[in-house]
Amino acid sequence: MVDYHAANQSYQYGPSSGSNGAGGGGSVGDYMAQEDDWDRDLLLDPAWEKQQRKTFTAWCNSHLRKAGTQIENIDEDFRDGLKLMLLLEVISGERLPKPERGKMRVHKINNVNKALDFIASKGVKLVSIGAEEIVDGNAKMTLGMIWTIILRFAIQDISVEETSAKEGLLLWCQRKTAPYKNVNVQNFHISWKDGLAFNALIHRHRPELIEYDKLRKDDPVTNLNNAFEVAEKYLDIPKMLDAEDIVGTLRPDEKAIMTYVSCFYHAFSGAQKAETAANRICKVLAVNQENEHLMEDYERLASDLLEWIRRTIPWLEDRVPQKTIQEMQQKLEDFRDYRRVHKPPKVQEKCQLEINFNTLQTKLRLSNRPAFMPSEGRMVSDINNGWQHLEQAEKGYEEWLLNEIRRLERLDHLAEKFRQKASIHEAWTDGKEVMLKHRDYETATLSDIKALIRKHEAFESDLAAHQDRVEQIAAIAQELNELDYYDSHNVNTRCQKICDQWDALGSLTHSRREALEKTEKQLETIDQLHLEYAKRAAPFNNWMESAMEDLQDMFIVHTIEEIEGLISAHDQFKSTLPDADREREAILAIHKEAQRIAESNHIKLSGSNPYTTVTPQIINSKWEKVQQLVPKRDHALLEEQSKQQSNEHLRRQFASQANIVGPWIQTKMEEIGRISIEMNGTLEDQLSHLKQYERSIVDYKPNLDLLEQQHQLIQEALIFDNKHTNYTMEHIRVGWEQLLTTIARTINEVENQILTRDAKGISQEQMQEFRASFNHFDKKQTGSMDSDDFRALLISTGYSLGDAEFNRIMSVVDPNHSGLVTFQAFIDFMSRETTDTDTADQVIASFKVLAGDKNFITAEELRRELPPDQAEYCIARMAPYQGPDAVPGALDYKSFSTALYGESDL
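Residues numbered from 1 in each chain as written. Predicted model: local features only at pLDDT ≥ 70, side-chain atom pairs only at ≥ 80, totals over all residues. Heavy atoms only, no water.

### A word on the overall build of the protein
For the protein, the helix and strand inventory stands at 35 helices and seven strands. Of all 906 residues assigned to the protein, the portion counted as buried reaches 47%. Intrachain contacts of the protein at a sequence separation of at least 6 include 75% that bridge at least 24 residues. Here the protein displays about 45000 Å² of accessible surface, and carbon together with sulfur accounts for 49% of that area. (Helix = DSSP H or I, 4+ residues; strand = E, 2+ residues; numbered from the N terminus. Buried < 20%, exposed > 50% of the residue type's maximum accessible area, 1.4 Å probe, protein only. Contact = heavy atoms within 4.5 Å. Areas by Shrake-Rupley, 256 points an atom, 1.4 Å probe, with all protein chains shown as cover.)

Here is the structure:
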């Protein structure tokens, strides 16, 4: 004889594959096999056997009393098979074969076999349970047989959300007790010891029977007895367990608990209809809540992006010039930092915002909700307009920065040139007014007077030679004023002083000449050699001063051709130096000849040429200065030549890379346009292909980074033009951003098509047929078509269209009245025409079930039937019910359901 508790792991009922149960669950053996080793060891626990006897006896009596009988001892009263057959007839509602009324053992065995055969006919495979054991009063075999009957007729048919039998019953308990504190149902043994779970089940369905808040977790006996008494008194569920037995057992018997809990399930099975209705409402509300979150996210992101644009544009439109080139270069560096650091994340946010907007609209269409209309000023078009304004301001700001740097560079050069020329002129005029005002001719000898006249003529020659320099100084000051030089006041003051002094020198020169000519007839001609020396020395001195000025003159060039022009001019100047040296030697020879004649004739000279202040020492000193300045000028020109050669290399290097990257971006843009039209295969294949294509584009980013580095070097070198390429870094950046945005939008379109296909149940063949039809009528191959082409497309798919019907369809696929229909809009229309979705009427019907067929619902009913967050969601949005049958706290679920689908204002 096989012991029941040792063998019950093998109990099976039903076929080996599938089940007659509602949820298609497993067999009794499946449940028994799930018991762990500790469970099996405790099956022989006398406390468990005692609980099973009491529970199974009560369960049998709850059915036998319908036939007017009951049992007292479970292992004795079923021995003759009569009450066993009667029990099966009551719980199955079917008639069994007529029992044998004899008292002999064979009659009893035959009756029990008839009962066991009936159990087996219901798909239950009994293992190790024979009629002889039942007739002999084997308690363990009898309990095992009764447990098999309970599983088949009370538990197997339980089905909750695709789970059945034990798992379904456990899930039902978890769902019903979830809102209650201190209740956590994980099994059918220790989770029920404190009695709170039993009370929670009753309170969930009949809250008026239990004061749940007064129950204490530390008083399990009271809790259990309260639940048992209420269930027996008001729910017609007999008391099958003893509170003391459950509390006093380390682990209550699972079968006893399951048997008792299944009675609650069947007692409250009528609540399943309400639960189904609640599930429908939960589904609809979950969709609505998710869409509202997406709308809030869009509004927040759009607001943040527009606020950033609003704050950034005034900065880019600030055109207040700075006084120095260093300050303007700092502005340029700030602008570069904006381009590298601050703008790229905003470009990504803008792209992601458009993707989120399209995804939200797709979800709204799929859930039969009205299209999302952002708040005023936050439309995608508003963001695009703001972005376009930003880029226009950005372009203008960069051009202004570069022009301002050029202007300041020019100003610095002119200001330095002005200071040099002014300093040279002021050094030359120093003491000239005193000299011209000196009345030395009144006491001079004839020879002195003649010397003064000649000296004055030399001065006039020198004065005329300086006229060009004064005009240059005035012209430079005028240009500085026109270019708005920040220190124009001091420049103008100094220039005015020079001009006033120049006018005074002219007037004094004229007056002195008149005075000297008045006495000229009384003077002898002075030494012609001195005069010749003075006349030749003065121009030569001026030439040397001009040469020194030119050799020290600052220069600014931007191209290799300009510096080569300066080098050529300098080489030409150096070619004149031998002639100048010969002139110098000739002038010095005149001075030496005068000295020789004076010495040979014993003439006493004053020590200096009376006709000029230019001494041989001055000529030699300035000639030596010219000789020193020439190699310095050579060095400066060669350095500048090297710099310009380096700049030319940077231009060519940038141009070489830009002439590769620019066409590559253009080619990829054209390829994306063709791919979006010519894509074949499944949408998943297309999405995979597009993402691979996107990765290939992203992998090209190092080439763009290299170009940015080269462009950085060009800007640091202050190179403003490049004849070797038509591409600027701005063109490349804009093209790159457009390329990334275009591929992201294309991927998003395919993802939305997948979302539409899966939500609407469109097959791959239908999707391909839609694509082929759309491409056929998309004559321009732009991914969109005008109304005439769309009408032809609809006619080709079998639509018979009048103007009114066609205008209705156009208002659906082109709500913005752009005159164009995209493929996504066409897919949405076709899916809406061929599939069904939840409607407002269905939701209203579901609320009516929860409300017990009333025209209104209360907050208490919502909190009882729906999860807490969704119940509060409904309560916050439902208007008070105004009907004639209204009661205090009544809520209008009809207007709420209609508003969910956009048919009225919520």
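### Things to note about the pattern of salt bridges
Enumeration over the complete set of coordinates arrives at 55 salt bridges. We note a salt bridge from Arg 469 to Glu 549, for which the minimum N-O separation is 2.9 Å. With Arg 469 in helix α19 (residues 467–482) and Glu 549 in helix α21 (residues 528–552), this residue pair connects regions lying 80 residues apart in the sequence. What makes Arg 469 buried here is its relative accessible area of 8%. Judged by relative accessible area, Glu 549 falls into the buried class, the value being 12%. (Salt bridge = Lys/Arg side-chain N within 4 Å of Asp/Glu carboxyl O.)

### Regarding the packing of helix α15 (residues 325–366) against helix α16 (residues 380–429)
Remark: α15 packs on α16, axes separated minimally by 11 Å, with the N-to-C direction vectors making an angle of 165 degrees. Between α15 and α16, the interaxial angle falls into the category roughly antiparallel. For the pair α15 and α16, the crossing hand works out as left-handed. For the contact of α15 with α16, a count of residues per class yields 17 nonpolar, two polar and 12 charged. (Axes fitted to C-alpha atoms, helices over the stretch in contact; angles between N-to-C directions. Parallel < 35°, antiparallel > 145°, perpendicular 65-115°, else oblique. Left-handed = near helix turned anticlockwise from the far one by under 90°. Nonpolar A, V, L, I, M, F, W, Y, C, P; charged D, E, K, R; others polar.)

### A short note on the sheet that holds strand β5 (residues 857–858)
In space, the three strands of this open sheet follow the order β5-β7-β6, with antiparallel pairing throughout. Edge strands, defined here as strands with exactly one partner in the open sheet, are β5 and β6 (879–880). As judged from the two bridges shared by β5 and strand β7 (residues 890–892), these two strands associate in the antiparallel manner. Across the sheet, residue Thr 858 finds its bridge partner in β7, namely Ala 890. (Pairing = 2+ DSSP bridges.)

### A closer look at helix α4 (residues 46–64)
At 3.6 residues per turn, the α-helix brings residues three or four places apart onto the same side. Taking 1.5 Å per residue, 19 residues should reach 27 Å; α4 reaches 26 Å between its end C-alpha atoms and fits that length. Burial of α4 is extensive: 14 of the 19 residues sit out of reach of the surface. (Expected span 1.5 Å × (residues − 1).)

### Focus on the nonpolar core
Core analysis: the biggest nonpolar cluster contains 78 residues, and Trp 59, Trp 192, Phe 198 and Phe 264 have the highest contact counts within it. Per element, the largest residue contribution to this core is 10 residues, and it comes from helix α8 (residues 139–155). Counting residues in hydrophobic clusters, the runner-up holds 46 residues, among them Ile 747, Phe 823, Ile 827 and Phe 829. (Core = buried A, V, L, I, M, F, W, Y, C linked by side-chain atoms within 4.5 Å.)

### Notes on the layout of surface pockets
For the largest pocket, the calculated volume is near 1700 Å³. In this structure, the largest pocket is lined by 50 residues; those nearest its centre are Asn 358, Arg 365, Asn 816, Thr 822 and Gln 824. A per-class count over the lining of the largest pocket returns 19 nonpolar, 22 polar and nine charged. Residue contributions to the lining of the largest pocket reach at least three from each of two domains, namely domain 1 (277–410) and domain 2 (659–831). (1 Å grid on protein atoms, 1.4 Å probe; cavity = no way out; pocket = protein on both sides within 12 Å on 5 of 7 lines; lining within 4 Å. Points joined across faces, edges and corners; volume = space filled by probe spheres on them. Domains from an automatic or database assignment.)

### Some thoughts on the environment of Ser 262
Topologically, Ser 262 is positioned in helix α13 (residues 254–267). Sequence separation between Ser 262 and Leu 170 is 92 residues, and the spatial gap between their C-alpha atoms is 9.8 Å. Residues within four places of Ser 262 in sequence aside, it is in contact with Ala 154, Ile 155 and Leu 169.

### Focus on the packing of aromatic side chains
For the structure on display, the rule yields 30 aromatic pairs. Aromatic pair Tyr 180 and Tyr 212: ring centres 5.0 Å apart, planes at 65 degrees, arrangement edge-to-face. A residue pair is termed long-range when its members are at least 10 positions apart, and Tyr 180 in the loop between α9 (165–177) and α10 (196–205) and Tyr 212 in the loop between α10 and α11 (220–234) qualify at 32 residues. Residue classification places Tyr 212 among the buried residues on the basis of a relative accessible area of 7%. Ring plane angle 25 degrees and centroid distance 6.5 Å describe the contact between Trp 664 and Trp 736, whose orientation is recorded as stacked. (Phe/Tyr/Trp six-rings, centres within 6.5 Å; stacked < 30°, edge-to-face > 60°.)

### Thoughts on the environment of Trp 502
Looking at the secondary structure, you find Trp 502 in helix α20 (residues 488–518). A relative accessible area of 11% places Trp 502 in the buried class. Spatially, the C-alpha atom of Trp 502 lies 7.9 Å from that of Val 470, the residues being 32 residues apart in sequence. Setting aside residues up to four positions removed in sequence, Trp 502 forms contacts with His 425, Trp 428, Leu 463, His 466, Gln 467 and Val 470.

### A word on the UniProt feature "coiled-coil region" (unreviewed entry) in the protein
Per the UniProt annotation, the sites labelled "coiled-coil region" (unreviewed entry) are residues 449–483. Across residues 449–483 one finds 94% helix and 0% strand; the C-alpha atoms that close the span lie 50 Å apart. (UniProt positions renumbered as here; feature names shortened; annotations may be inferred.)

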